[in-house]
Amino acid sequence: METENDHTDESPRGLGTLFWVLTSIIVVGLALMIALPLAGR
Amino acid sequence: MSMRRVLRDNGLGLVFLALFLLTLVGQSFAGHADNNEQLVRHGDAPLGYVDYVTSSSFAVDVAENWQSEFLQFFVFILATVWLVQRGSPESKKPGDEGRGSDEQQLVGAHARADSPAWARANGIRLWLCSNSLLLVMGGVFVLSWLAQSLAGQVVANEEGASHGVPPQTWLEYVASPEFWNRTLQNWQSEFLAVGAMVTFSIFLRQRGSSESKPVGTPHATTSVDSE
């Protein structure tokens, strides 16, 4: 089935970097926001 | 790949990442100043910046907004599987409700050579691949709501202690009016904004935006690709 994106020949390199930067920020943020109150901060 | 090409290909993601970081830093400065004004008003010593950004006061304010945003996308992603809005570019067209056939979804035997590897898999891997966006958005929602409740409990107990009120347990805090006031004031705005986006985009346009139908598309046309 042809889709609108079929013409793209992009490699996912670079796209993955942004994904992991954002994922890391969210994971670290969540970990801190859960750990700090548990530590009584 | 040239830097210019990387920036052009990732403009949307990079701009929102930068906006997030700038506004988070802005929030930390404004929150620090606001927190210190309140401390001084109560006759307490002001807090240093690092102490503030590692405090439950800052965490609860960040977390209560995170949870509502991720809930918004979680509900919207789930709802758009099963519900449609005729005329809205945010919706599939009426008649397309549901999870779609394996052929439409390019999974199993219908996966292409360049499909994600797990789209070709079976069982749990295919299920995870098929629901990964909803699972991650839902997971971040649950964890940030948990963070809001933990940090909110600490802040409420600090506030209570200065007025001689005994501390609340976590369960008492999550049943408290303060927790639900913080929670629901964020949820209502998210649901209003999504409802407005879905409904307004039937009749209103933004030329050039992927969130809009092309300007001349009839109001009743739902999806430009499929009708």
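Definitions and limits used
Residues numbered from 1 in each chain as written. Chains lettered and ligands numbered in written order. Predicted model: local features only at pLDDT ≥ 70, side-chain atom pairs only at ≥ 80, totals over all residues. Heavy atoms only, no water. Helix = DSSP H or I, 4+ residues; strand = E, 2+ residues; numbered from the N terminus. Rg over C-alpha atoms; globule rule 2.2 N^0.38 Å. Buried < 20%, exposed > 50% of the residue type's maximum accessible area, 1.4 Å probe, protein only. Axes fitted to C-alpha atoms, helices over the stretch in contact; angles between N-to-C directions. Parallel < 35°, antiparallel > 145°, perpendicular 65-115°, else oblique. Left-handed = near helix turned anticlockwise from the far one by under 90°. Contact = heavy atoms within 4.5 Å. Nonpolar A, V, L, I, M, F, W, Y, C, P; charged D, E, K, R; others polar. Core = buried A, V, L, I, M, F, W, Y, C linked by side-chain atoms within 4.5 Å. Buried area = accessible area lost by both parts, 1.4 Å probe. Salt bridge = Lys/Arg side-chain N within 4 Å of Asp/Glu carboxyl O. Polar contact = N/O pair within 3.5 Å; in protein donor to acceptor, adjacent residues only side chain to side chain. Expected span 1.5 Å × (residues − 1). pLDDT = per-residue confidence, 0-100.

**Considering the overall build of chain B**
- For chain B, the count of helices and strands is eight helices and zero strands.
- When the helices and strands of chain B are read in sequence order from the N terminus, they spell out α-α-α-α-α-α-α-α.
- The C-alpha atoms of chain B give a radius of gyration of 23 Å, which is well past the 17 Å a tight globule of 227 residues would have.
- With the C-alpha coordinates of chain B rotated into their principal frame, the extents come out at 65 × 40 × 40 Å.
- By the burial criterion, 32% of the 227 residues in chain B qualify as buried.

**Concerning unusual backbone geometry**
- In this structure, L106 of chain B is a non-glycine residue whose phi angle is positive, near 55°.
- Locating L106 of chain B in the fold gives a position in the loop between helix 5 (102-105) and helix 6 (123-162).

**A closer look at the packing of helix 1 (residues 15-38) of chain A against helix 6 of chain B**
- Where helix 1 of chain A contacts helix 6 of chain B, the axes come no closer than 8 Å and their chain directions differ by 30°. Looking at the two axes, helix 1 of chain A sits roughly parallel to helix 6 of chain B. As helix 1 of chain A runs across helix 6 of chain B, the sense of the crossing is left-handed. Residues I26, L30, M33, I34, P37 and L38 of chain A of helix 1 of chain A form the contact with helix 6 of chain B, whose own contacting residues are V140, L143, S144, L146, A147, L150, A151 and V154 of chain B.
- Of the residues belonging to the contact of helix 1 of chain A with helix 6 of chain B, the class tally is 13 nonpolar, one polar and no charged.

**Here's the deal with the nonpolar core**
- By size, the foremost hydrophobic cluster in this structure holds 21 residues, and its most contacted members are I26, L30 and M33 of chain A together with W66 and F70 of chain B.
- Looking at this core, the elements that each hand over two or more residues are helix 1 of chain A together with helix 4 (56-82) and helix 6 of chain B.
- With sequence-adjacent residues up to four places away left out, I26 of chain A is seen in contact with W66, F70 and V140 of chain B.

**Considerations on the interface of chain A and chain B**
- Each partner contributes to the interface: chain A provides 20 residues, whereas chain B provides 30 residues.
- Where chain A abuts chain B, roughly 2,100 Å² becomes buried across the two surfaces, and 70% of that area is made up of carbon and sulfur atoms.
- In this assembly, chain A and chain B are joined by one salt bridge.
- For R41 of chain A, the salt bridge identified is with D51 of chain B, shortest N-O distance 3.6 Å.
- There are three residue pairs in polar contact (both at pLDDT 80 or more) connecting chain A and chain B.
- Residues belonging to the side of chain A that touches chain B are distributed by class as follows: 13 nonpolar, two polar and five charged.

**Overview of helix 2 (residues 11-41) of chain B**
- Taking 1.5 Å of rise per residue, the 31 residues of helix 2 of chain B would be expected to cover 45 Å, and the 45 Å separating its terminal C-alpha atoms lies within 8% of that figure.
- Every buried residue belonging to helix 2 of chain B is among L17, S28, G31, H32, N35 and N36 of chain B, and all of these are buried.
- Buried-residue contacts for helix 2 of chain B involve helix 1 of chain A together with helix 3 (49-53) and helix 4 of chain B.
- Positioned one or two residues after helix 2 of chain B, G43 of chain B has a phi angle of 80°, which is positive.

**Thoughts on the confidence of the model for chain B**
- Chain-level statistics for chain B give a pLDDT mean of 95 and a share of 98% at 70 or above.
- Reported for the predicted complex are a pTM of 0.91 and an ipTM of 0.90.

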